[in-house]
Amino acid sequence: EDFIARWRHLPYSGKPFEINAPELYTASGVRVRSKSEVIIADALDRAGIPYRYEYPTSVKGWGTLYPDFTCLNSRDRPQLIWEHFGLMGDPDYTANVIQNIAHYAASGYILGKNLIVTFESGTTPLSVKQVQGYIKAFFG
């Protein structure tokens, strides 16, 4: 529990918000960028999974990325990254997503192992059941 408390409270600087960005907050008061990130963060909190929002991560070939969530598996302490890609209907955004996943893989973040990825588009919103399924599968 001491390790988890220290991990949760490690100071860091996340990605800054734009001046006119909407103000969306999780139930625990963390500011996030989208309603879907509120859903994910609140589900992580309900499951007791420690996370850091947009914790800076060095990614080979890309530099520093700010993954949506860096989660700690409390059982054996590995860190997992959870990225939510919410604009999959935009072809330029989608191309960038594919590059991000490739850069994560080059840095040892492998889909289904230590990288969780969720997607949505304007016609296919994020499913709460999907989020709960990922939490159960990865954090048991």
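None of these values were measured; they are calculated from a predicted model.

(A) Local environment of the overall build of the chain. Along the chain, the regular secondary structure elements total four helices and eight strands. Secondary structure elements in the chain, listed N-terminal to C-terminal, are α-β-β-α-β-β-β-β-β-α-β-α. In summary, the chain has a C-alpha radius of gyration of 15 Å against a globular reference of 14 Å for 140 residues, a match within 12%. For the C-alpha atoms alone, the extent of the chain along its principal axes is close to 45 × 35 × 30 Å. The buried share of the chain, taken over its 140 residues, is 37%. The contacts in the chain between residues at least 6 apart in sequence include a share of 51% that link residues at least 24 apart. Carbon and sulfur atoms make up 54% of the accessible area of the chain, which amounts to about 8,200 Å² in all. Here the chain holds 14 positive side-chain charges and 14 negative ones, and the gap between their average locations is 7 Å.

(B) Layout of the nonpolar core. In terms of nonpolar packing, the biggest core is built from 19 residues, with Leu44, Phe69, Cys71, Trp82, Ile135 and Phe139 touching the most fellow members. Elements supplying a minimum of two residues to this core: helix H2 (35-46), strand E3 (51-53), strand E6 (69-72), strand E7 (79-85) and helix H4 (128-139). When residues in this core are grouped by element, the largest group, five residues, is from H2. Val59, Phe85, Val97 and Ile101 belong to the second-largest nonpolar core, a separate cluster that totals 10 residues.

(C) Broad picture of the packing of H2 against H4. Remark: H2 packs on H4, axes separated minimally by 10 Å, with the N-to-C direction vectors making an angle of 40 degrees. The orientation of H2 relative to H4 falls into the category oblique. Where H2 crosses over H4, the two elements pack in a sense that is right-handed. Contacts from Ile39, Ile40, Ala43 and Leu44 in H2 reach Val128, Val131, Ile135 and Phe139 in H4. Classifying every residue of the contact of H2 with H4 gives eight nonpolar, no polar and no charged.

(D) The packing of aromatic side chains, seen in detail. Applying the stated criterion to the full structure yields eight aromatic pairs. Ring pairs connect the aromatic residues Tyr51, Tyr53 and Phe69, which therefore count as one cluster. Positioned above the aromatic ring of Phe17 is the side chain of Arg33, whose terminal nitrogen or guanidinium carbon lies 4.1 Å from the ring centre. The aromatic ring of Trp7 is capped on one face by Arg52, whose charged end is 4.0 Å from the ring centroid.

(E) Molecular detail of H4. For H4, with 12 residues, the first-to-last C-alpha span of 16 Å sits near the 16 Å given by 1.5 Å per residue. If you check which residues of H4 are buried, you get Val131, Ile135, Phe138 and Phe139. For H4, the arc enclosing every buried residue in end-on projection is 85 degrees, short of the 170-degree limit, so these residues lie on one face. Facing away from the buried surface of H4 by more than 90 degrees, the exposed residues are Lys129, Lys136 and Ala137. The inward-facing, buried residues of H4 abut H2, E6, E7 and strand E8 (115-119). Among the residues trailing H4, Gly140 stands out with phi positive, at a value near 45 degrees.

Rules and cut-offs
- Each chain carries its own residue numbering, running from 1 in the written order of its sequence.
- pLDDT decides what is reported in this predicted model: residues at 70 or higher carry local features, side-chain atom pairs at 80 or more are listed and counted, and totals for whole chains, interfaces and linings draw on all residues regardless.
- Excluded from the side-chain calculation are hydrogens and water; included are all heavy atoms of the structure.
- Put simply, DSSP H or I for four residues or longer makes a helix, DSSP E for two residues or longer makes a strand, and each gets a number counted from the N terminus.
- What the globule rule says is 2.2 Å times the number of residues to the power 0.38, and the radius of gyration is computed from C-alpha atoms.
- Residue burial is assigned from relative accessible area. The probe radius is 1.4 Å, only protein chains are included, and a residue is buried under 20% of its type maximum, exposed over 50%, and partly exposed in between.
- Any two residues whose heavy atoms approach within 4.5 Å at even a single point are treated as in contact.
- Computed by Shrake-Rupley with a 1.4 Å probe, the accessible areas treat only the displayed protein chains as cover when residues are assessed.
- For the purpose of counting charges, residues Lys and Arg are taken to be positive, whereas Asp and Glu are taken to be negative. His and the chain ends are not included.
- To locate a charge, take atom NZ for lysine, CZ for arginine, CG for aspartate or CD for glutamate.
- Joining through side-chain atoms within 4.5 Å is the link that ties buried Ala, Val, Leu, Ile, Met, Phe, Trp, Tyr and Cys residues into a set, and such a set is a nonpolar core.
- Angles run from 0 to 180 degrees between N-to-C directions of axes, and those axes are lines fitted to C-alpha atoms, restricted for helices to the stretch in contact.
- Oblique is the label for any angle not covered by the other classes, which are roughly parallel (under 35 degrees), roughly antiparallel (over 145) and roughly perpendicular (65 to 115).
- Here is the rule for handedness: rotate from the far helix to the near one, and if that takes an anticlockwise turn smaller than a right angle the crossing is left-handed, while a clockwise turn gives right-handed.
- Any residue outside Ala, Val, Leu, Ile, Met, Phe, Trp, Tyr, Cys, Pro, Asp, Glu, Lys and Arg is labelled polar, Gly included; the first ten of those are nonpolar and the last four are charged.
- Aromatic rings from Phe, Tyr and Trp, taking only the six-membered ring of Trp, are treated as a pair when their centres fall within 6.5 Å; an angle between ring planes under 30 degrees marks them as stacked, one over 60 as edge-to-face, and anything in between as tilted.
- Lysine and arginine charges are scored as sitting over a ring when NZ or CZ, respectively, is within 6 Å of the ring centre and within 35 degrees of the ring normal.
- Working rule for helices: expected span equals 1.5 Å times residues minus one.
- By definition, the arc is the one covered by directions from the helix axis to the C-beta atoms.

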